[in-house]
Amino acid sequence: MNRIEKAFNELVELKYQIYNSLFLTLQFDSIESTGTLLPLLQKYCKSSFTDKLSPDEIIDSFLDKYRPNYSEKEKIAFLYNVIQYVERQVVLLDALEEAAFDKIYDTNGPNSWNMISKKAKREHKVNELSDLLSTFGVRIVLTAHPTQFYPDSVLYIIKDLRKAIAENDVSQIRDLLTQLGKTPFLNKEKPTPYNEAMSLINYLTNIFYPSISKLVDKISEDYEEAIIKNNKLFQIGFWPGGDRDGNPFVTVDTTLKIAAKLKKSVLNCYYKDIQKLKRSLTFSGVYEKLESLENTISNEIQTNENTFKLDDFKNDLLEIENILISKHHSLFLNKLKSFQRKVDIFAFFMASIDIRQDSRVLRNTLHQIMAQYPDILPKNVFELDQKEQIQVLLNAKSIVDSSKFDDPIVIDTIDSIKAMIQIQENNGEDACHRYIISNCQSAVDVAVVYCLFNLCGWAERDLTVDIVPLFETIDDLKNAKASMDMLYSNAHYMSHLESRGRNKTVMLGFSDGTKDGGYLMANWSIYRAKEDISEISRLYNINVLFFDGRGGPPARGGGNSHLFYAAMGKTIESKQIQITIQGQTINTQFGNKESAVYNLESLLTAGIKNNVFSDSENELNDKNRKLIEDLSVDAYESYKDLKNDPLFMPYLNEKSTLKYFGKANIGSRPAKRGNSKDLRFEDLRAIPFVGAWSQLKQNVPGYYGVGSALNSSSNLQDFINLYNDSLFFRALISNSMQSMSKAYFPLSAYLSKDKKFGDYWNKIHDEFQLSKKMILKLSKQDELLEDDPRSKLSIKLREDIVLPLLTIQQYALMRINELNKEENIDSELLNTYEKMVIRTLFGNINASRNSA
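This one's a predicted model, so the numbers in the text were calculated from it and none came from an experiment. (Residues numbered from 1 in each chain as written. Predicted model: local features only at pLDDT ≥ 70, side-chain atom pairs only at ≥ 80, totals over all residues. Heavy atoms only, no water.)

### A look at the pattern of salt bridges
We count it as follows: Any carboxyl oxygen of Asp or Glu that lies within 4 Å of a side-chain nitrogen of Lys or Arg is treated as forming a salt bridge with it. The helix count covers DSSP runs of H or I at least four residues long, the strand count covers runs of E at least two residues long, and both are numbered beginning at the N terminus. A simple rule labels every residue: compare its accessible area, found with a 1.4 Å probe on the protein chains alone, to the largest value its type can have, and call it buried under 20%, exposed over 50%, or partly exposed in between.
One pass over the structure, following the stated rule, counts 50 salt bridges. Arg-434 is paired through a salt bridge with Asp-354; the nearest N and O atoms lie 3.0 Å apart. You can see Arg-434 sitting in strand β4 (residues 434-438) and its partner Asp-354 sitting in strand β3 (residues 352-358), a full 80 residues away along the chain. Each member of the pair, Arg-434 together with Asp-354, is buried. Several salt bridges converge on common partners, so that one network encompasses Arg-528, Glu-531, Asp-532, Arg-625 and Glu-629.

### Structural notes on the packing of helix α8 (residues 152-166) against helix α9 (residues 170-182)
The line we're drawing: Interaxial angle, 0 to 180 degrees, is taken between N-to-C directions of lines fitted to C-alpha atoms, where a helix line uses only the stretch in contact. Comment on the angle field: the value is read as roughly parallel under 35 degrees, roughly antiparallel over 145, roughly perpendicular from 65 to 115, and oblique elsewhere. Throughout, a crossing is termed right-handed when the near helix is turned clockwise from the far one, and left-handed when it is turned anticlockwise from it by less than a right angle. By definition, residues are in contact when any of their heavy atoms lie within 4.5 Å. Residue polarity follows a fixed list, in which Ala, Val, Leu, Ile, Met, Phe, Trp, Tyr, Cys and Pro are nonpolar, Asp, Glu, Lys and Arg are charged, and the others, Gly among them, are polar.
At a minimum axis distance of 9 Å, the contact between α8 and α9 shows a crossing angle of 165°. When the axes of α8 and α9 are compared, the pair comes out roughly antiparallel. When you trace α8 past α9, the crossing you get is left-handed. For the pair α8 and α9, contact is made by Val-154, Ile-157, Asp-160, Leu-161, Ala-164 and Ile-165 and by Gln-172, Ile-173, Leu-176, Leu-177, Gln-179 and Leu-180, respectively. Its residues assigned to classes, the contact of α8 with α9 shows nine nonpolar, two polar and one charged.

### Looking at the packing of aromatic side chains
Quick reminder of the rule: Each Phe, Tyr or Trp ring (for Trp, its six-membered ring) is paired with any other whose centre lies within 6.5 Å, and the angle between the two planes then decides the class: stacked below 30 degrees, edge-to-face above 60, tilted in between. Ring-over charges, as used throughout, are those where CZ of Arg or NZ of Lys falls within 6 Å of the ring centre and within 35 degrees of the ring normal.
Taken as a whole, this structure holds 37 aromatic pairs when the rule is applied. Ring centres of Phe-719 and Phe-729 lie 6.4 Å apart, and the angle between their planes is 40°; on these two criteria the pair is classed as tilted. Of this pair, Phe-719 sits in helix α31 (residues 716-725) while Phe-729 sits in helix α32 (residues 727-741); the two residues are ten residues apart in sequence, bridging distant segments of the chain. Residue Phe-719 is classed as buried on the basis of its relative accessible area, which comes to 4%. Positioned above the aromatic ring of Phe-547 is the side chain of Arg-434, whose terminal nitrogen or guanidinium carbon lies 4.6 Å from the ring centre. When the ring centre of Phe-564 is taken as origin, the NZ or CZ atom of Arg-550, which lies over that ring, is 4.5 Å away.

### Things to note about the sheet that holds strand β7 (residues 543-549)
Counted only if it meets this: Two strands qualify as a pair provided that DSSP identifies no fewer than 2 bridges between them.
Here we have eight strands rolled up into a closed barrel, ordered β1-β2-β3-β4-β5-β6-β7-β8, and parallel in their pairing. With direction set aside, neighbouring strand axes in the sheet form an average angle of 25°. Where strand β2 (residues 234-238) meets β3, two bridges bridge the pair, whose relative direction is parallel. The partner of Phe-238 across the bridge, within β3, is Ile-353. Packing against the sheet, helix α23 (residues 519-539) makes contact with β6 (503-509) and β7, and its axis sits at approximately 160° to β7.

### As for the packing of α31 against helix α33 (residues 758-779)
Two numbers describe how α31 lies on α33: the axes approach to 8 Å, and their chain directions differ by 60°. The two elements α31 and α33 cross, and the hand of that crossing is right-handed. For the pair formed by α31 and α33, the contact residues are Leu-716, Phe-719, Ile-720 and Tyr-723 on the first element and Met-774, Lys-777, Leu-778 and Ser-779 on the second. For the contact of α31 with α33, a count of residues per class yields six nonpolar, one polar and one charged.

### A short note on helix α26 (residues 593-612)
Rules: One less than the number of residues in a helix, times 1.5 Å, gives the span that helix is expected to have. As used in this structure description, the phrase polar contact means that two N or O atoms lie within 3.5 Å; if the pair is within protein, one of them must be able to donate a hydrogen and the other to accept it, and residues adjacent in sequence are counted only when both atoms belong to side chains.
Taking 1.5 Å per residue as the helical rise, α26 with its 20 residues ought to reach 28 Å, and the 27 Å between its terminal C-alpha atoms agrees with that figure. Of the residues that open α26, the one with a side-chain oxygen 3.1 Å from the backbone nitrogen of Glu-594 is Asn-592.

### Quick word on the pairing of β4
Of all five residues in β4, five are buried; the element is thus mostly enclosed. The alternating pattern of β4 places Arg-434, Ile-436 and Ser-438 and Tyr-435 and Ile-437 on opposite faces, both of which are buried. Taken together, the four bridges between β4 and strand β5 (residues 466-471) define a ladder with parallel strand orientation. Paired with Arg-434 across the strands is Asp-466, a residue of β5.

### What to know about the nonpolar core
Applicable threshold: Within this scheme, the nonpolar core is defined by two criteria: the residues are buried Ala, Val, Leu, Ile, Met, Phe, Trp, Tyr or Cys, and they are joined through side-chain atoms within 4.5 Å.
Ranked by internal contacts, the top residues of the largest apolar core, which has 279 residues, are Ile-140, Tyr-270 and Phe-313. Contact partners of Phe-313, with chain neighbours within four places excluded, come to Tyr-270, Ile-274, Leu-293, Ile-297, Phe-308, Phe-339, Val-343 and Phe-348. Within the second largest apolar cluster, seven residues are counted, among which are Val-141, Trp-239, Ile-436 and Val-468.

### Digging into the environment of Ile-399
Note that Ile-399 resides in the loop between α16 (386-395) and α17 (408-427). Overall, the relative accessible area of 69% leaves Ile-399 in the exposed class. Sequence spacing of Ile-399 and Gly-457 is 58 residues, and the spatial spacing of their C-alpha atoms is 6.2 Å. Excluding residues that lie within four positions of it along the chain, Ile-399 makes contacts with Tyr-373 and Leu-455.

And the structure:
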């Protein structure tokens, strides 16, 4: 047992047993002894699944044994109380892991800044590291996708509970557990985009602002000149209020309101920091200037006049710095410098709002503009070849009035482009400078957006906006190089890129890529797309910046991010790491300052390893490239066979929680695209798609096809060598292991005998078993995640805790199917069980931490 395993067992698992025993004695419900029966139910579920009982047999037999006189209404009430208890057990475990963070994570290990800095000195690469730090960047983009299930009140309890556990304050722990039991876990209504923004702004002010500042201060100790040159080493992007793709509730008013709130939030941070500075910088000529700044910021916060300018602020701080140096022997200069670095990083916007919309909506908007303003573009513009279309679109100029349109989405598209001007004027250019095109299929889609900007208020201004294509499907990823070549070959567009410092951001979508092509094909297609786009960008001397749309689980690009980004190699441009962080993953990775610093460091050092300390592990030779290509194609064929089966959508619709994601009040965005009443594969968003497989504990998108592909190989030793030699391939397999370790097929084994879905379930189960067998052979491990004991222990404990919840969920789904078959459906009872399914979503998602 290594140090981390020992720490987990002592500080997490053992303490969980102790505090859980205390928690179960507290009475929160009107039904007697729910807390007493819960441990029995947890053991009963485990042993019964081993005995191959179905979820309904388990629940019915357990209640017959321990509560034989319960009516169905009383049984339902008991199950609801079990759900509430388990939800809170998950919170207790979250708090325990957070309290033990620095003991169960290797915070000073090889992925830490301290170790990388020492390595640079030891290997005489200080200058190389300094050069990289002066240009490199990590951009964390917070999204509002609906996977965050803890309301703010519960997040605050977790924070307080973590502190009490760290201090071993048993009395406070008991009170907080009691508070937890009495605190609602549900939102009564769907959050608005503004609600979502406010929740994330709390993370910005309380976690990211101090954590990024602390990390940059630490780096500045040895690399101050590099940090002075580069105020974008860490940046925060922000999608709530800007991401309107499929979310009709995001309006221009919301966007502007959130932008104003972001500015006010960062000014509040500065106001508090200046108050702290005044305690140290009490010197003549300095104190008065700080007091003046304090008053100016206070006035700006209260009036929203936007008269206080960032340049003036920086100049005032520089003047204070000069006085400290010349007249006060640089006393407490380090504190002022730290504050100046904060101002350089967060400016007047705290986080940069990205605007995002689907390419089909954007094309429709342009078509409606052409109908209303027939002289703006030639009627046959979209009948021309692509190069001609692009040329015509890039040169179009006019002024469009949104009031002439009836379609609210068209109006919003026009006005949101205009709103970017206002945000930049009030908060600074970087406050809102990216427009992301979802479902981007070609260079024409980029030209359409460029055209819209020139029609919607930007024609007579410098276009201080980066238009970001988002390539998502397998076909679009394959065609990405040709699309970028077509853009780069256009002189007008290259002139625009010249004004943007010859930088071009390209976004790649892991989530929809995996949904479309399966795990291996999606990851390999994105890797190849990055290589292709890097090659064509280098040819045109363009600095391409890749922005990865990653979700929580490996099936959506999550998993071990450090390993993934350390493995990019020299064929892929990697001067920045840009990723989306969303839902409960925000709280998991950035829920407290310690974990935030750790995860920020991990991303930074991954980029440093790849750029400064790259070795043969980072590069793929022709043989290894062909191995991965062939493996991806074989895996894709297996996944395509599963996906194209007529039972694919009925299976998810009838046997999983897919349709219930949209009914839970967890996010403002609808769970599917379009207005169709039917659940069609093409309309499914990646989050409910991956989430449904996760709730079913089958996790198909995280491994399906891997086993068949490896098994069909004529020489497995080649892949064993590849696993040992290639960091990229090892990262792929490692992340797939994580998906598989969270699967639990006994939960749904009853489906193996189902008349309609029996063969289909067996097909999925057989592929899981084969994938597990082949991956263990490949990695020479006896168990999944053998090389990652902390993750293995955490996953096991969490899965044990939620097993009753999963069982209840399947029980409710089975009862729903039974009720729907009855001639006279009891709609009230049906509704009760549907609510039960929705309620079980929360605890399962939170326990998995990165399942959607």
